[in-house]
Amino acid sequence: MAARILEYPAPWPMTTIERSLQPAESRPSLAESREYCRRLARSHYENFTVASWLLPRKIRPHFYAIYAYCRIADDLADETGDPQQSLTLLDDWQRQLQECYVGRADHPVFVALSETIGEFAIPIEPFLDLLDAFRQDQRSTRYETFDELLEYCRRSANPVGRLVLYLGHACALENVALADSICTGLQLANFWQDVARDFDRGRVYFPRSTRQQFGYTDAMLAGRVFNPQFREALTFEVDRAEQYLRSGLPLVARVPRWLAGDVWLFVHGGLRILQHIRNLDYDVWTTRPIVGRREQCGLLLGYLIRRFCA
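Nothing here was measured: the structure is a model prediction, and the numbers come from that model.

### A word on the overall build of the protein chain
- When helices and strands are counted, the protein chain shows 14 helices and two strands.
- Counting every position in the protein chain, which comprises 310 residues, the buried fraction comes to 53%.
- Per element, the accessible surface of the protein chain, about 13900 Å² overall, is 53% carbon and sulfur.

Spelled out as structure tokens, the structure:
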């Protein structure tokens, strides 16, 4: 069977994906594949700087490769507008992942990723867990309880932190638990940041049990109503997300020095999102809070001052 490749239209716009898989004319070189991942990572808006300036230059291509895998998988789940098509594309992405693990990589992401997997002895499970979470998004659009949401975070967010720990040769059990706490907190912060955007996509991550606890009914949700009940329910969830982020902060002191800065920035970027939600008086229906590039640079400067002046 001819090799198949998922292509972004040049020069890699990140907000949409082509809705079909195109045959690859030839296997890209490692250098070409690294450049593909770098451009994808550097072109896509994120709340937090991707592979920040604090990372050693030799490590950055590995971060880019992991990011590119996650980014494309996420777009396959979110950008087609057709759950069945997304499931088909995710199955193909998994097939290419499995072929990568047996030495048959044709897509530039997997050519780059195969080098990373080999150098850091990364198992396949975190990559598969992410795909399972994205499949769940095609089948489940509502969450009854916070525990159900946590189970989703276990597969949608926590594997990313574990992949980063592999890059730092820092996969001790305690480190994994701390990374899971950070990643869950970041995922929750993203949910509360994107209540309106997710609702427009037909998804509600806001647990029904929390909404009911504070009297925010399904009818209010359907009408995108902002009222005291919504404010109280979101206050509760924002505070809970902050607890997860702060509980993971000890990881900063437990990872290699070159990785500590990015961990600190991820946590404080998440905390900054939560603070922006508070500054909006929790009206995320009207305004989507973001951490802009200037603010990210401010966080980076704050970390450097903390690191070298402490």
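### Section: helix H5 (residues 125-139)
- Its 15 residues give H5 an end-to-end C-alpha distance of 21 Å, which sits within 8% of 21 Å, the value for a rise of 1.5 Å per residue.
- On its buried face, H5 is in contact with helix H2 (60-78), helix H3 (83-100), helix H4 (108-120), helix H6 (146-156) and helix H7 (158-167).

### Quick look at the environment of Phe 120
- Its location among the elements puts Phe 120 in helix H4.
- Look at Phe 120 and you get buried, because its relative accessible area is 6%.
- Separated by 49 residues in sequence, Phe 120 and His 169 place their C-alpha atoms 7.5 Å apart.
- With near-sequence residues (within four places) excluded, Phe 120 lies in contact with Ile 59, His 62, Tyr 166, Leu 167 and His 169.

### Considering the pattern of salt bridges
- Scanning the entire structure with this criterion turns up 26 salt bridges.
- Asp 91 is the partner of Arg 135 in a salt bridge, and the nearest nitrogen-oxygen pair spans 3.0 Å. One end of the pair, Arg 135, is in helix H5; the other, Asp 91, is in helix H3, with 44 residues separating them in the sequence.
- The exposure class of Arg 135 is buried, given its relative accessible area of 9%.
- Of the charged contacts in the structure, one is a salt bridge between Glu 151 and Arg 154, with a shortest N-O distance of 2.9 Å.

### Details of the nonpolar core
- Counting residues in each nonpolar core, the largest one holds 90 residues, and the members touching the most others are Tyr 69, Trp 93, Trp 192, Leu 234 and Ile 277.
- In terms of residue count, the dominant contributor to this core is H2 (twelve residues).

### A few points about the environment of Asp 194
- Assignment of secondary structure puts Asp 194 in the loop between helix H8 (173-193) and helix H9 (195-200).
- On the accessibility criterion, Asp 194 (5% relative accessible area) is buried.
- Along the primary structure Asp 194 and Arg 288 are separated by 94 residues, whereas in three dimensions their C-alpha atoms are 6.7 Å apart.
- One polar contact links Asp 194 to Arg 288, side chain to side chain, over a distance of 2.4 Å.

### Some details on the packing of aromatic side chains
- Under the criterion given, the structure shown has 19 aromatic pairs.
- Through a chain of ring-to-ring contacts, the aromatic side chains of Tyr 143, Tyr 152, Phe 191, Trp 192, Phe 199, Tyr 205, Phe 206, Tyr 216, Phe 226, Phe 230 and Trp 285 assemble into a single cluster.
- Directly above the ring of Phe 146 sits Arg 240, whose terminal nitrogen or CZ lies 3.5 Å from the centroid.

### What to know about unusual backbone geometry
- Even without glycine at this site, Asp 281 takes up a positive phi of about 55°.
- Inspection of the secondary structure assignment puts Asp 281 in the loop between helix H13 (257-279) and helix H14 (293-309).
- Judged by relative accessible area, which is 39%, Asp 281 ranks as partly exposed.
- Phi angles above zero are rare outside glycine, and Tyr 282 is one such case at about 75°.

### Focus: empty space enclosed by the protein
- With the rule as written, the count across this model stands at one cavity of 30 Å³ or more.
- By volume, the largest cavity amounts to about 60 Å³.
- Taken together, Phe 191, Trp 192, Asp 194, Val 195, Asp 198, Phe 199, Arg 203, Val 204, Tyr 205, Phe 206 and Leu 221 make up the lining of the largest cavity.
- For the lining of the largest cavity, the secondary structure elements donating two or more residues are H8 and H9.
- Per element, the largest residue contribution to the lining of the largest cavity is three residues, and it comes from H9.

### Section: the side chain of Asp 74
- Along the chain, the position of Asp 74 falls in helix H2.
- Classification of Asp 74 by relative accessible area gives buried; the value is 18%.
- Among the polar contacts listed, one links the side chain of Asp 74 to the side chain of Arg 71, at a separation of 2.6 Å.

### Some remarks on the side chain of Ser 86
- Here Ser 86 shows up in helix H3.
- When its relative accessible area of 0% is taken as the criterion, Ser 86 is described as buried.

### Brief notes about the environment of Thr 88
- Tracing the sequence through the fold places Thr 88 in helix H3.
- Each C-alpha atom of the pair Thr 88 and Leu 76 lies 9.3 Å from the other, and the pair is twelve residues apart in sequence.

Each value, and the rule that gives it
Residues numbered from 1 in each chain as written. Predicted model: local features only at pLDDT ≥ 70, side-chain atom pairs only at ≥ 80, totals over all residues. Heavy atoms only, no water. Helix = DSSP H or I, 4+ residues; strand = E, 2+ residues; numbered from the N terminus. Buried < 20%, exposed > 50% of the residue type's maximum accessible area, 1.4 Å probe, protein only. Areas by Shrake-Rupley, 256 points an atom, 1.4 Å probe, with all protein chains shown as cover. Expected span 1.5 Å × (residues − 1). Contact = heavy atoms within 4.5 Å. Salt bridge = Lys/Arg side-chain N within 4 Å of Asp/Glu carboxyl O. Core = buried A, V, L, I, M, F, W, Y, C linked by side-chain atoms within 4.5 Å. Polar contact = N/O pair within 3.5 Å; in protein donor to acceptor, adjacent residues only side chain to side chain. Phe/Tyr/Trp six-rings, centres within 6.5 Å; stacked < 30°, edge-to-face > 60°. Lys NZ or Arg CZ within 6 Å of the ring centre and 35° of its normal. 1 Å grid on protein atoms, 1.4 Å probe; cavity = no way out; pocket = protein on both sides within 12 Å on 5 of 7 lines; lining within 4 Å. Points joined across faces, edges and corners; volume = space filled by probe spheres on them.

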